[in-house]
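# Coordinate inspection notes
So you can see what is in the structure, the chains are spelled out below.
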Amino acid sequence: MENPVLQEIQNKIEEESGFIDPLQNEISKVIVGQKYLIDRLLIGLLANGHILVEGVPGLAKTLAIRTLSRAIKAGFQRIQFTPDLLPADIIGTLIYNQSTGDFITRKGPIFSNLILADEINRAPAKVQSALLEAMQERQVTIGEKTFDLPEPFMVMATQNPIEQQGTYPLPEAQVDRFLMKVVITYPGLDEERTIMRIHSKADVPEAEPVVDPESILKARRVVREIYCDPKIEDYILSIVFATRFPEKYGLEQYKGLIAYGASPRASLYLRICAQARAFLAHRGYVTPEDIRAIAMDVLRHRVILTFEAEAEELTSEDIINGVLNTVEVP
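Description of the structure in this document. This structure is a prediction, so every number in the text was calculated from the model and none was measured.

Secondary structure assignment for the chain yields 14 helices and 11 strands. Referenced to the eigenvectors of the C-alpha coordinate spread, the extents of the chain come out at roughly 70 × 50 × 45 Å. Pairs at least 24 residues apart make up 79% of the contacts formed inside the chain by residues separated by at least 6 positions. Each charge sign in the chain was given a centre, from 35 positive and 46 negative side chains, and these centres are 3 Å apart.

The next subject is the side chain of Gln159. Summarising the element assignment, Gln159 is placed in strand β8 (residues 154-159). A distance of 3.2 Å separates polar atoms of two side chains, one belonging to Gln159 and the other to Glu54. Residue contacts for Gln159: discarding those within four places in its chain leaves Leu52, Val53, Glu54, Gly55, Ile120, Asn121, Leu170 and Lys181.

Spanning 15 residues, helix α10 (residues 230-244) covers 21 Å between terminal C-alpha atoms, matching the ideal 21 Å at 1.5 Å per step. Buried residues of α10: Ile232, Tyr235, Ile236, Ile239, Val240, Ala242 and Thr243, and no others. Projected down its long axis, α10 shows its buried positions confined to an angular sector of 160°, all on one face. Summarising the contacts, the buried residues of α10 are in contact with β10 (258-260), α11 (264-280), α12 (288-299) and α14 (316-326).

What follows concerns the side chain of Gln10. Here Gln10 shows up in helix α1 (residues 4-16). Engagement of the side chain of Gln10 in a polar contact is seen with the backbone nitrogen of Gly284, the distance being 2.7 Å.

Moving on: the packing of aromatic side chains. Any pair of aromatic rings gets described here by the distance separating the centres and the angle formed by the planes. Summed over all chains, the structure comprises 4 aromatic pairs. Pairing Phe241 with Phe245 gives two aromatic rings, centres 6.2 Å apart and planes at 35°, and the pair type is tilted. Its end group placed over the ring of Phe111, Lys107 keeps NZ or CZ at 4.9 Å from the ring centre. For Arg283, the ring lying beneath its charged end belongs to Tyr285, and the centroid distance is 5.6 Å.

Bringing the sheet that holds strand β1 (residues 51-54) into the picture now. In space, the 5 strands of this open sheet follow the order β2-β5-β8-β1-β9, with parallel pairing throughout. The open sheet has two free edges, formed respectively by β2 (76-80) and β9 (180-183), since each of these has just one partner strand. With strand direction ignored, the average angle separating the axes of adjacent strands in the sheet is 20°.

A surface patch of nonpolar side chains, amounting to about 330 Å² of accessible area, comprises Leu94, Tyr96 and Phe103. Among the structural elements, Phe103 can be located in strand β4 (residues 102-107).

Right, let's talk about the packing of helix α3 (residues 35-47) against α12 for a bit. Contact geometry of α3 with α12 gives a least axis separation of 12 Å together with a crossing angle of 85°. On the basis of the axis angle, α3 is roughly perpendicular to α12. Residues Tyr36, Arg40 and Ile43 of α3 form the contact with α12, whose own contacting residues are Ala293, Ile294 and Asp297. Looking at the contact of α3 with α12, its residues break down into 4 nonpolar, no polar and 2 charged.

All right, on to the pattern of salt bridges then. Scanning all chains against the criterion turns up 18 salt bridges. Here Arg122 ties to Glu119 by a salt bridge, and the two come within 3.4 Å at their closest N and O atoms. This pair shows no difference in class: Arg122 is buried, exactly as Glu119 is. Between Asp290 and Arg283 there is a salt bridge; the shortest N-O distance is 2.7 Å. Comparing Asp290 with Arg283, the two get one shared label, buried. What emerges from the salt-bridge pattern is a single network uniting Arg40, Asp297, Arg300 and Glu317.

By size, the foremost hydrophobic cluster in this structure holds 78 residues, and its most contacted members are Leu41, Leu68, Ile72 and Phe279. Looking at which element gives the most residues to this core, the answer is α11, with 10 residues. If we ignore the near neighbours within four places in the chain, the residues touching Ile72 are Leu23, Leu45, Leu114, Val211, Asp212, Pro213 and Ile216. Grouped together as the second largest cluster of nonpolar side chains are 27 residues, Ile91, Ile110, Leu132 and Val175 included.

Before going further, it helps to spend a moment on the environment of Phe81. Relative to the helices and strands, Phe81 resides in the loop between β2 and α5 (87-91). Sequence separation between Phe81 and Thr105 is 24 residues; the distance between their C-alpha atoms is 22 Å. Setting aside residues up to four positions removed in sequence, Phe81 forms contacts with Ile90, Ala117, Asp118, Glu119, Ile120, Arg122, Ala123, Val127 and Leu131.

Cut-off values and rules
- Residues numbered from 1 in each chain as written.
- Predicted model: local features only at pLDDT ≥ 70, side-chain atom pairs only at ≥ 80, totals over all residues.
- Heavy atoms only, no water.
- Helix = DSSP H or I, 4+ residues; strand = E, 2+ residues; numbered from the N terminus.
- Contact = heavy atoms within 4.5 Å.
- Lys, Arg positive; Asp, Glu negative; His and termini not counted.
- Charge placed at Lys NZ, Arg CZ, Asp CG, Glu CD.
- Polar contact = N/O pair within 3.5 Å; in protein donor to acceptor, adjacent residues only side chain to side chain.
- Expected span 1.5 Å × (residues − 1).
- Buried < 20%, exposed > 50% of the residue type's maximum accessible area, 1.4 Å probe, protein only.
- Arc of directions from axis to C-beta.
- Phe/Tyr/Trp six-rings, centres within 6.5 Å; stacked < 30°, edge-to-face > 60°.
- Lys NZ or Arg CZ within 6 Å of the ring centre and 35° of its normal.
- Pairing = 2+ DSSP bridges.
- Axes fitted to C-alpha atoms, helices over the stretch in contact; angles between N-to-C directions.
- Patch = residues over 30% accessible without salt bridge, like charges linked within 9 Å, V, L, I, M, F, W, Y side chains within 5 Å.
- Areas by Shrake-Rupley, 256 points an atom, 1.4 Å probe, with all protein chains shown as cover.
- Salt bridge = Lys/Arg side-chain N within 4 Å of Asp/Glu carboxyl O.
- Parallel < 35°, antiparallel > 145°, perpendicular 65-115°, else oblique.
- Nonpolar A, V, L, I, M, F, W, Y, C, P; charged D, E, K, R; others polar.
- Core = buried A, V, L, I, M, F, W, Y, C linked by side-chain atoms within 4.5 Å.

Spelled out as structure tokens, the structure:
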């Protein structure tokens, strides 16, 4: 790397990302076989975005974010979404004090650093909107007062892919507010054997704090300094525009199958997630592999298909794979 500016960025990233390896090691003491999920949580934390996770019960989703919160000395709250939940149950409400005649603000569980919104699709739209507004604005209004949410602030919402009866699917416009949609699967046989052995002991390991929230906030600022070459930017735009105008990118077979391509948020999030992934690798620059590695998670909930595509049993993942395999890599 001969460019002195790039070398300076590289030196800075190597210095500032020093906590990443100890943090990942600490989390791996507790979580086995979900490296993909942990990496995505760390990318979300560094990119200052929120994660939507889809997976069957029992895949350590709750344990993963709780362990991360312990390892970074951050507050953690779990909110179980149910059909009878009210917005006030999340953001808080005003309580009347009879002795003084005043209203007292009682803050809800949203006032924490890491939030687990468990089975978000079990709650009605009004409750989902209250959470998503807090996610987007990073503030909550209770009565006449507006309160800023603590920093760092990240929501991991989970969806159960089975049991769709009695659920309220998130509208596409609201799903778009999530940085990434991560789909997780079962661990491998050897990994599950390790999980069984660890959690059958009397003393189940717990993560110890290795970094503080201030270091995370500082790392967020440094992540945005990671170099992204104009050719990489063009690659990002080509991927996103290929989901909107497939016929212009040699993907005529997808014309009429995509109702809505990826939104401009996709371009922004592809870049910042790629920068965060480079940070995890202690790298001061973005590579095409960074883009390809996170493209599916950033795009899968932003590419909306037509009825014709569903009739052909195509998924948004099929379309995105086709785009990634066709758009020229710089």
